[in-house]
Amino acid sequence: MPVSSKRDYYEVLGISREASPEQIKKAWREAALKHHPDRNKENKKASEEKFKEAAEAYEVLSDERKRQMYDQYGHEGMRNHGEGVHDFHHMDLREIFDMFGLGDMFGGRSNGRYQEDYGQDLQTEIEVTLEEVATGVEKELIFSREEICDRCNGSGVEPGTKTDRCATCGGYGQVEQTSGFGFFVSRVVTACPKCRGTGKIISTPCKECKSRGRVSKKRHLTVNIPAGMQDGQVLRVRGEGEPGAKGHRGDLHCLVRVKPHPFLIRHGNDLVMDLPISFTQAAMGCTIEVPTLGKKKVSLDIPNGTQPGDFIRLKNMGLPDLRSKKHGDLIVRTQVEIPKKLSDQQRKLLEQFAETEKNNKDVMPSTCGFWDKIKQYFSAQTNSKS
Ligand SMILES: [Zn+2]
Ligand SMILES: [Zn+2]
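Residues numbered from 1 in each chain as written. Chains lettered and ligands numbered in written order. Predicted model: local features only at pLDDT ≥ 70, side-chain atom pairs only at ≥ 80, totals over all residues. Heavy atoms only, no water.

A. Representation of the coordination of the zinc ion (ligand 2) in the model. The protein atoms donating to the zinc ion (ligand 2) are Cys 166 (SG), Cys 169 (SG), Cys 192 (SG) and Cys 195 (SG), with metal-donor distances spanning 2.2 to 2.4 Å. Mapped onto the sequence, the residues coordinating the zinc ion (ligand 2) show the spacing C-x2-C-x22-C-x2-C. Taken as a pair, Cys 169 in the loop between strand E4 (163–165) and strand E5 (174–180) and Cys 195 in the loop between strand E6 (185–191) and strand E7 (200–202) lie far apart in primary sequence, 26 residues in all. (Donors = N, O, S within 2.8 Å, 3.2 Å for Na, K, Ca; no water. Helix = DSSP H or I, 4+ residues; strand = E, 2+ residues; numbered from the N terminus.)

B. Just the side chain of Ser 47, in detail. Among the secondary structure elements, Ser 47 is positioned in helix H3 (residues 44–61). The contact partners of Ser 47, leaving out residues within four places of it in the chain, are His 35, Pro 37 and Asn 40. (Contact = heavy atoms within 4.5 Å.)

C. Highlighting the sheet that holds strand E2 (residues 122–128). Pairing in this open sheet of four strands is mixed, and the strands run E1-E9-E10-E2 from one edge to the other. Two strands in the sheet have a free side with no partner beyond their single neighbour: strand E1 (85–86) and E2. (Pairing = 2+ DSSP bridges.)

D. Structural view of the packing of aromatic side chains. Inspection of every chain in the model, using the stated rule, returns six aromatic pairs. For the ring pair Trp 28 and Tyr 58, a centre distance of 5.3 Å and an interplane angle of 10° mean the geometry is stacked. Residue Trp 28 is located in helix H2 (residues 21–34), and its partner Tyr 58 is located in helix H3; the two are separated by 30 residues in the primary sequence. For the pair Phe 370 and Trp 371, a centre-to-centre distance of 4.9 Å together with 80° between the ring planes defines the contact as edge-to-face. (Phe/Tyr/Trp six-rings, centres within 6.5 Å; stacked < 30°, edge-to-face > 60°.)

E. The sheet that holds strand E11 (residues 265–267), seen in detail. Taking strand neighbours across the sheet as the criterion, the four strands line up as E11-E12-E16-E15 in an open arrangement whose pairing is mixed. Both outer strands of the open sheet, E11 and strand E15 (311–314), are each paired with one neighbouring strand and no more. When strand polarity is set aside, the average angle formed by the axes of neighbouring strands in this sheet is 30°. Relative to strand E16 (residues 330–337), E15 runs antiparallel, the two being bridged by four bridges. From the neighbouring strand, Leu 314 faces E16, where its bridge partner is Leu 330. (Axes fitted to C-alpha atoms, helices over the stretch in contact; angles between N-to-C directions.)

F. Broad picture of the coordination of the zinc ion (ligand 1). On the protein side, the zinc ion (ligand 1) has Cys 149 (SG), Cys 152 (SG), Cys 206 (SG) and Cys 209 (SG) as donor atoms, found 2.2 to 2.4 Å from it. Taken together, the four donor atoms coordinating the zinc ion (ligand 1) span angles of 102 to 115° at the metal, a pattern that classifies the geometry as tetrahedral. (Tetrahedral: all angles 85-135°; square planar, octahedral: opposite > 155°, others 65-115°.)

G. Spotlight on the nonpolar core. Membership of the largest hydrophobic core comes to 37 residues, with the highest contact counts inside it found for Val 128, Leu 252, Leu 275, Leu 300, Ile 302 and Val 332. Split by domain, the residues of this core number at least three in each of domain 2 (120–147 + 209–258) and domain 3 (265–337). In contact with Ile 302, other than residues within four places in its own chain, are Leu 275, Ile 277, Gly 285, Cys 286, Ile 288, Ile 312 and Thr 334. Listed in part, the 29 residues of the second largest apolar core include Leu 13, Tyr 70, Ile 96 and Met 99. (Core = buried A, V, L, I, M, F, W, Y, C linked by side-chain atoms within 4.5 Å. Buried < 20%, exposed > 50% of the residue type's maximum accessible area, 1.4 Å probe, protein only. Domains from an automatic or database assignment.)

H. Structural detail: the pattern of salt bridges. Summed over the entire model, instances satisfying the criterion amount to 25 salt bridges. Between Lys 66 and Glu 59 there is a salt bridge; the shortest N-O distance is 3.5 Å. Judged by relative accessible area, which is 13%, Lys 66 ranks as buried. Accessibility expressed as a relative area gives 9% for Glu 59, which makes it buried. Salt bridges sharing common partners tie together Arg 145, Glu 147, Arg 219, Glu 240 and Arg 249. (Salt bridge = Lys/Arg side-chain N within 4 Å of Asp/Glu carboxyl O.)

I. Here's a closer look at the confidence of the model for the protein. Considering every residue of the protein, the mean pLDDT works out to 85; 89% of them sit at 70 or more. Contacts for the low-pLDDT stretch residues 103–113, under 50 throughout, to residues beyond four places or in other chains number 29 contacts. (pLDDT = per-residue confidence, 0-100.)

Structural data, given as structure tokens:
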């Protein structure tokens with residue numbers, strides 16, 4: 001079984017397993033500053049990887065449920081228990097800055113995207129088959145999200161009626177507030193909370209949206225799922241979430257679930273197939289047509305003397321890697337089946353065969369070797385007693 005090469009999240013952030021949410025946040029900020037690629041110009045690639053590693057650790061440890069799941073089951077368990085984690089290595093830095101609202105932390109490098117301008121992100125789930133993982137697939141998604149109300153054009157005001165000036169902001173739509181998180185505290189101008197930046201108070205709400213300016217609608221969207229996605233990974237589709245105060249939409253996060261396959265088990269990019277063979281096939285060797293992903297068949301030579309659990313590796317017949325697109329292998333693991341019932345004729349034949357295998361080291365090396373060891377073990381004990 002492949003061992004996860006991922007580092008422990010607590011180790012990544014340099015904190016103890018008992019760290020409080022504040023300590024986790026602090027450690028992430030320190031890591032984000034330390035490994036920020038703009039601060040490590042001569043070592044950009046390595047620091048970018050470190051930065052992404054820290055981002056992933058923070059995503060999990062800052063979420064109580066995900067953290068609990070991670071503590072209990074580790075990296076693999078997170079996937080198996082349906083906890084989505086973003087594939088940060090596949091995201092560009094700007095996306096990560098946006099996700100954590102780091103745009104202004106680094107002097108507005110992230111295309112000036114401020115979180116309050118943007119709407120809520122939405123979550124959804126996509127189920128794909130292993131065959132679709134192999135090739136990549138386009139999926140039609142249908143989900144509910146808010147759209148600007150047609151009746152009032154998003155104003156929330158019933159057409160033909162008037163609005164009053166907002167008393168809180170005096171009609172300017174903006175108020176000055178103190179804000180910031182950790183690094184700097186600054187005074188910023190934000191949308192007035194009373195009138196939500198419009199400067200107006202609605203006296204007659206729109207009949208369609210009840211002054212919300214939005215209505216919930218079904219959205220149809222085609223999402224391209226790249227080949228090699230792992231179960232539990234999250235695909236981020238920019239600008240497909242809820243609309244924000246200024247119309248910018250948040251993102252849609254698609255949790256990718258890979259359906260179990262009827263006869264293949266996935267281990268990273270490798271596929272494992274348990275192939276049952278009869279004990280005569282194992283003993284004498286044979287050629288078998290085995291199915292592979294996508295209903296193709298390959299001819300497989302099982303050598304004579306094959307043991308239960310032996311592996312045969314078919315190079316490059318596994319799944320493509322998400323990033324490098326290099327293929328993993330198909331690993332065929334033999335399961336030797338012992339007859340459960342014997343006809344009289346079979347029994348006679350096997351009795352004859354059994355006569356030839358008795359104490360024959362060439363035929364049964366493990367069995368003979370085992371009893372030799374037992375014999376030695378008992379004789380050594382008897383000797384030491386006497
Ligand atoms: Zn409306
Ligand atoms: Zn106002």
